Amino acid sequence: MRSLSSREYMSNSRSPRAVRSMTIGIRGMVPHPIARRHCVLALVVFLLVASPAAAMTSHAGWPSDQHLVMDKGPASQTNVLTGVDGVHNYLLGGYGNDTIYGGNSGDVIWGDYHESGWPSFQTAIIHAGNGPNLIYANDTVNYVWTGTNPDTVVHVHENSGVVHCENSQIVLFTSHHALPHYKLDGCRHISFYSVGY
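About the criteria used
Residues numbered from 1 in each chain as written. Predicted model: local features only at pLDDT ≥ 70, side-chain atom pairs only at ≥ 80, totals over all residues. Heavy atoms only, no water. Core = buried A, V, L, I, M, F, W, Y, C linked by side-chain atoms within 4.5 Å. Buried < 20%, exposed > 50% of the residue type's maximum accessible area, 1.4 Å probe, protein only. Helix = DSSP H or I, 4+ residues; strand = E, 2+ residues; numbered from the N terminus. Contact = heavy atoms within 4.5 Å. Pairing = 2+ DSSP bridges. Axes fitted to C-alpha atoms, helices over the stretch in contact; angles between N-to-C directions.

Draft legend 1. Highlighting the nonpolar core. Counting 18 residues, the largest nonpolar core has Ile109, Ile135, Val154, Val156 and Val163 as the members making the most contacts within it. Secondary-structure elements contributing two or more residues to this core are strand 7 (134-137) and strand 9 (153-156). With near-sequence residues (within four places) excluded, Val154 lies in contact with Ile135, Thr146, Val163, Ile170, Val171, Leu172 and Phe173. If you look at the next biggest cluster of nonpolar residues, it comprises 8 residues, including Tyr90, Leu92, Val108 and Tyr136.

What follows is the structure, given as C-alpha cells:
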C-alpha cells in the first residue's frame, strides 16, 4: 500500500487550512466577462425556445381522438358542446361561455383550450360523462361535475370555480396558488404533483 503525499493528505483532511484553500480555489474560478455574456445569452435563448414546449400539455395517457368538438367562436358567444356516447371525445371550450356535456366512454375536456386566459369573464360548465375522463378546468370560471368513474383525472391550475368529484377516488391535480380559488366538493385525493396528463 502506498502512502499519501502531503498534497493528497491535505485534500482529504478536514483541517482549516485545507478547507480555506479549497474555498479560495472555488471562489477564484470566475469566468472571463465575454464567456459570462455567452453563457447568459445561451441561457436566454434556451429559455425562449423551451418555454412554448414547456407550456404544452403532455398527451400521455389520453384516449384516441374519435370525435372532436371545439368552441372556435368569439368571446361573447354562448356555446353547448356535446360528446357522443360510445367514442372518446375531445371537447374543447374556447373564448365563449361554454356548457360541455361528455360522453360515456372517457373524454378529454378543456374548459378553455386557448393559452391566453382571455377574456377573464368567461365561464365553463362541465358535465363529464361516466367514462375515465381527463378534465382541464383552466383560464375560466369553472363549474365541474366529474362523472362517477374513479379513473377520472381533474386538473385545476388557473382561475377559479367549483369541482364536484362524483366519486371519492377521483384524483385532482392543482397548485398551491390555484387551490384557494376553488371550492372542492367530494374531492378526497388532491395532489400538487402533476403526472403530465
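Draft legend 2. Seen up close, the sheet that holds strand 6 (residues 123-127). Across the sheet, 6 strands lie side by side as 2-4-6-8-10-12; this open sheet has parallel pairing. Taken across any chain shown, the strands that pair with only one partner, and hence form the sheet edges, are strand 2 (78-82) and strand 12 (182-185). For this sheet the average axis-to-axis angle between neighbouring strands, irrespective of direction, equals 5°. Taken together, the 4 bridges between strand 4 (residues 97-101) and strand 6 define a ladder with parallel strand orientation. What sits directly across from Thr99, in strand 6, is Ile125.

Draft legend 3. Quick look at the environment of Trp110. With respect to the element layout, Trp110 can be found in strand 5 (residues 108-110). Under the relative-accessibility criterion, Trp110 is labelled buried at 12%.

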